[in-house]
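# Structure at a glance
Each chain is listed here by its residues.
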Amino acid sequence: MVRVAPLLPTYARGEVSPLMYGRSDVEQYSSCLKKCRNVLVRPYGLASRVAGTEYIANAKGKAKLMRFIFSPTDSYIIECGAGYFRFYHDGAPVYKNNAVYEISNNFTEADLETIQYVQIDDIIKIVYRRDGTKNNTPKELIRKAADNWEFRDVTFTCTPFLTENLTSTTITPSADTGNITLTASSSIFNSGHVGAFFWIGDATTVDGVNKQGFVKITAVSSGTSASAAVQWKLSTTSATKIWGEGAWSNYRGWPSVVGLLDGRLYYARTPTQPRNVYGSKPYKYEDFTPAVSNESGAGVNIELATNIDGDGSDIKWIIGTSFLLAGTYGSEFVVKGYGDNGIDSNSVPNARARSNWGSEGTQPATIGSEVYFVQRTGKKVRRFEYDYYLDSYKAVDVSIFSEHLLESPIVDVCYQKNPDSVMWCLRKDGKLAALVVEADQQVQAWSLLEFGDDIVESIETIPSYNGLYDELYLIVKRNINGSVVRHVERIQDPVTPESVINCWYVRAGLKYDAFEATVGNTLTLSGKTGNITITASSDIFAARHFGRRIRAIDSNFGILGQATITAVTDARHVQATVVKSFSATSYSGGKWGVSVNSMSGYEHLNGRTVQILADGCVQPDKVVASGSFTLDLDAWVVLAGLGYRSYIQTMNIEEGAMNGTAVGKKKRINDMAVRVWRTSGCRVGRDLDNLQEINYREPSVPMGTARPLTDGVIDKIRYNQGWTIESDITVEQSRPLPMNILVIAPIVNEVDK
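Along each chain, residues carry numbers from 1 onward, in the same order as the chain's sequence is written. It should be noted that, the model being predicted, local features are given only for residues of pLDDT at least 70 and side-chain atom pairs only at 80 or more, the latter also being counted only at that level, while totals for whole chains, interfaces and linings use all residues. Only heavy atoms go into the side-chain values, all of them from the structure, while hydrogens and water stay out.

The helix and strand tally for the protein stands at one helix and 62 strands. Along the longest, intermediate and shortest principal axes, the C-alpha atoms of the protein span 105 × 80 × 45 Å. Considering only contacts within the protein whose residues lie at least 6 apart along the sequence, 61% involve residues at least 24 apart. Working definition of accessibility: Shrake-Rupley area with a 1.4 Å probe, residue cover restricted to the visible protein chains. Carbon and sulfur atoms make up 47% of the accessible area of the protein, which amounts to about 31,000 Å² in all. A positive count includes Lys and Arg, and a negative count includes Asp and Glu. His and the chain ends are not counted in either. We put the charge of a Lys on NZ, of an Arg on CZ, of an Asp on CG and of a Glu on CD. Seen as two clouds, the 77 positive and the 81 negative side-chain charges of the protein have centres 3 Å apart. Helix numbering and strand numbering both begin at the N terminus, where a helix is a DSSP run of H or I of at least 4 residues and a strand a DSSP run of E of at least 2. Whether two residues are in contact is decided by their heavy atoms: any pair within 4.5 Å suffices.

Let us now look at the side chain of Arg382. In this structure, Arg382 sits in strand β34 (residues 381-387). Throughout this description, buried means an accessible area under 20% of the type-specific maximum (1.4 Å probe, protein chains only), exposed means over 50%, and partly exposed covers the range between. A side-chain nitrogen of Lys or Arg and a carboxyl oxygen of Asp or Glu constitute a salt bridge if their distance falls within 4 Å. Buried and unpaired, Arg382 has no salt bridge, with Asp397 as the nearest side chain of opposite charge at 4.4 Å. A distance of 2.7 Å separates the side chain of Arg382 from the backbone oxygen of Ala395, its partner in a polar contact. Here a polar contact means two N or O atoms within 3.5 Å. Within protein one must be a hydrogen donor candidate and the other an acceptor candidate, and residues neighboring in sequence count only if both atoms are side-chain atoms.

Here the focus is the nonpolar core. Buried residues of nine kinds, namely Ala, Val, Leu, Ile, Met, Phe, Trp, Tyr and Cys, make up a nonpolar core once their side-chain atoms join them within 4.5 Å. Trp424 and Ile741 are the most contacted members of the largest nonpolar core, which has 65 residues in total. Counting residues per element, this core draws most heavily on strand β57 (residues 667-679), at four residues. Each residue touching Trp424, except ones within four places of it in the same chain, is listed here: Leu40, Asp412, Val413, Cys414, Gln416, Leu432, Ala433, Ala434, Leu449, Ile459 and Leu472. In terms of nonpolar packing, the next biggest core, distinct from the first, is built from 21 residues, Ala247, Trp254, Val258 and Phe288 among them.

Here the focus is the pairing of strand β24 (residues 257-261). Taken across its five residues, β24 has four buried, putting it largely inside the fold. For two strands to be treated as a pair, DSSP must find at least two bridges joining them. Taking the residues between adjacent antiparallel strands as the criterion, β24 and strand β25 (residues 264-268) are bridged by two residues, where Asp262 takes a positive phi near 50°.

The geometry of an aromatic ring pair is captured by the separation of the ring centres together with the interplanar angle, meaning the angle of the planes. Side-chain rings of Phe, Tyr and Trp, where Trp is taken by its six-membered ring, are said to pair if the distance between their centres is within 6.5 Å; with planes under 30 degrees apart they count as stacked, over 60 as edge-to-face, and otherwise as tilted. Under the definition given, this model contains 31 aromatic pairs. With a centroid separation of 5.4 Å and an interplanar angle of 85°, the aromatic rings of Trp248 and Tyr267 are classed as edge-to-face. Taken as a pair, Trp248 in the loop between β23 (243-245) and β24 and Tyr267 in strand β25 lie far apart in primary sequence, 19 residues in all. On the basis of relative accessibility, which here comes to 0%, the residue Trp248 falls in the buried class.

For the rest of this paragraph, the subject is the pattern of salt bridges. The final tally for this structure, using the stated rule, is 46 salt bridges. The shortest N-O distance in the salt bridge between Arg86 and Glu102 comes to 2.9 Å. On the criterion of sequence distance, the pair formed by Arg86 in strand β9 (residues 84-89) and Glu102 in strand β13 (residues 102-104) is long-range, its members being 16 residues apart. For Glu102, a relative accessible area of 31% gives the class partly exposed. Ionic pairing is found between Glu150 and Lys144, a salt bridge with its closest N-O pair at 2.8 Å. For Glu150, a relative accessible area of 25% puts it in the partly exposed group. When salt bridges with common partners are traced through the structure, they connect Lys125, Glu140, Lys144, Glu150, Arg152 and Glu286 into a single cluster.

With antiparallel pairing, four strands are arranged side by side in an open sheet as β32-β33-β34-β35. A single partner strand is all that each edge strand has here, and the edge strands are β32 (365-367) and β35 (392-397). Adjacent strand axes in the sheet meet at a mean angle of 30° when their direction is disregarded. Alignment of strand β33 (residues 370-374) against β34, held across four bridges, turns out to be antiparallel. Residue Phe373 lies in a different strand from β34, and its bridge partner there is Arg382. Whenever a helix is involved, its axis is fitted only over the stretch in contact; in every case the axis is a line through C-alpha atoms, and angles between N-to-C directions fall within 0 to 180 degrees.

This next bit is on the pairing of β25. Of all five residues in β25, five are buried; the element is thus mostly enclosed. Side-chain alternation along β25 places Arg264, Tyr266 and Ala268 on one buried face and Leu265 and Tyr267 on a second face that is also buried. In this sheet, β25 lies alongside β24 in antiparallel orientation, the contact comprising five bridges. Looking across to β25, one finds that Val257 is bridged to Ala268. Examined bridge by bridge, β25 and strand β26 (residues 276-279) share three bridges and lie antiparallel to one another. Each residue of the ladder has a partner; that of Ala268, found in β26, is Val277.

A word on the environment of Leu324. Summarising the element assignment, Leu324 is placed in strand β29 (residues 324-328). Placed 19 residues apart in sequence, Leu324 and Ile343 show a C-alpha to C-alpha distance of 8.5 Å. The residues touching Leu324, leaving out its near neighbours within four places in the chain, are Leu261, Tyr266, Val277, Ile318, Ile319, Phe333, Val334, Val335 and Ile343.

This paragraph deals with the state of the cysteines. Only a pair of cysteine sulfur atoms within 2.5 Å qualifies as a disulfide here. Within the structure shown, the criterion is met by zero disulfides. Note on Cys682: no disulfide assigned, nearest cysteine sulfur contributed by Cys503 at a separation of 13 Å.

As a further point, take the side chain of Lys34. Structurally, the position occupied by Lys34 is in strand β3 (residues 32-37). By relative accessible area, which is 7% here, Lys34 ends up buried. In terms of polar contacts, Lys34 uses its side chain to reach the side chain of Asn652, at 2.9 Å. Excluding residues within four positions of it along the chain, Lys34 makes contact with Glu15, Val16, Tyr21, Gln649, Thr650, Met651, Asn652, Glu726 and Asp728.

Before going further, it helps to spend a moment on the sheet that holds strand β16 (residues 139-145). Read across the open sheet, the four strands follow the order β14-β15-β16-β17; overall the sheet is antiparallel. The two strands at the open ends of the sheet, each matched to only one other strand, are β14 (116-120) and β17 (148-153). On average, adjacent strands in this sheet sit at an angle of 20° to one another, irrespective of strand direction. Where β14 meets strand β15 (residues 123-127), five bridges bridge the pair, whose relative direction is antiparallel. Following the sheet pairing, Val118 is matched in β15 by Lys125.

Encoded structure:
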């Protein structure tokens, strides 16, 4: 028999595929996990339970979440549904005239899945795909005030153009300025051309400015006759074969991909030109007027070349980094100007395929200077980067070790920058795969967030109002009392707070703080002990408060005194018996509170069982009825919401054998130690069906009070799990409490065959 004491000090690779279980030869094997569910691996290597979510409101319907970020205190989540927008600021819906503020849009439910957008100052530029009807005019959503937004079509000064007419068809303008009639020698006009631009003849000079003459179609009478408004003076009023049609219209279609780089707004992919990228003039985002004589600063129109494999698939996304990157269904392109210069109209851009993995239509995430995109089929994530050793670009599969977590395809992604770098990947089945990336620390850790029978339908991030972290917002579809509802929620601070009272480890939760309810209301006591009269400076007391408790606290929720109400005189006066001597006879608002014995406002969880954390102590679960439930013991700070299970499972311990590998040999873990940080209430075992409690309570902590979160080593954990072949360890948390595992140190006996 051999006895070994392996150390598992980091989980920096996160959950890996079962196909990797036999790869103990891989350098990172010991930092991998078999399971990492509802847990994130932080850049320091520890496994940390994912914080719970706060219920914000019911979504109006199926929707896509968008974001608007101007500053930490000026950020919005936008609920974009079929026919409407709603707005959320600092964790609450925006209201106007005592109603949820809402404006209309023209999107259908099918459009929502194709929306792409970028933000320029107070304007969000939006595109979407309608290849059938081709009436997907680019839109803009303009923020004028928190409760004043405008949604409208983009008004273009000039759009890009198709290639010059090469047929014998001529166009005859009735005049060279003003409102005119265009007459064609053959049928070329269509009702879908209304709003389209045509250039005609040669360039003309007006007030010293030389530009191509062009018009905007205002009406179509027939295939050979159209009305137009001259946008720049035409060079001729005679029949001419020198003309070109606008690339965008309800006849040719509109772009459905958008991006930004170096002051230019780029659109891409129309049904007519599925491989073209169009760049605006610098900082003139509605003007795509092309160059006349290769002058700098004009609009650009770039067609991506067919790659070496003959692939000519359409563009799925574009994104600006050091250069403009474009992903098609078959390849990934780098688009840049002559040499390594930026794209400009005075030179021929260089647009070359650098890899040929192919992409989905999900807008990529930029993490640092690298772009992470979803590969075609949606089951892989690749990092597009430049390799200085190979002097070439490459797209590395960052999901190869955890391919099983993407067995359901990715339908959307978003990126959380703070406090940790996390790429959130929404799967088609409504689960969330999370990739924590910190390249300098060799952390690339996947995990999975599971929601039981509930389904996540959309995700997006914005900075928290205090600017300390990024908030992940979700739309979660749930069945509540037989009805399908959608909840808008946000995940709380990923960093576990110091006090257990401030913890948030339930989903769709709400929190009541009796101390916050007294802000601005001063409490005065007639004495510090015995039977006393208590006076509030503002109305607060009611008959229902008989038998409740009044507590005074310090800034850390330490108890400075407590009394039980024995009689209610009026809204400002009660009689009470002191059960813990008070430290003073007066307390400012926010430093005292009246306990509650029931909770209301939970209509969004009617019929569901909720977990309860009251004053930092776990109370028995309750079923919500008519939006309320009763506590077993009155409390001051109450958090309640849906429970969820978080757990990690280590890789098999394959060391310690005297004659080679320990694979296939019986092992027994006698006991173990675990180093934790701000943790309480978790269990350990060989699997989820064989778990045992870890004892945290210190003898100095009075019974009935909140147990402080534990930092440090918990040793002498008797691991009574018997002899097994698979020597892995499961650490689990299913109570509304935190779990942060830094180190697992088992003592293992192994028997050679």
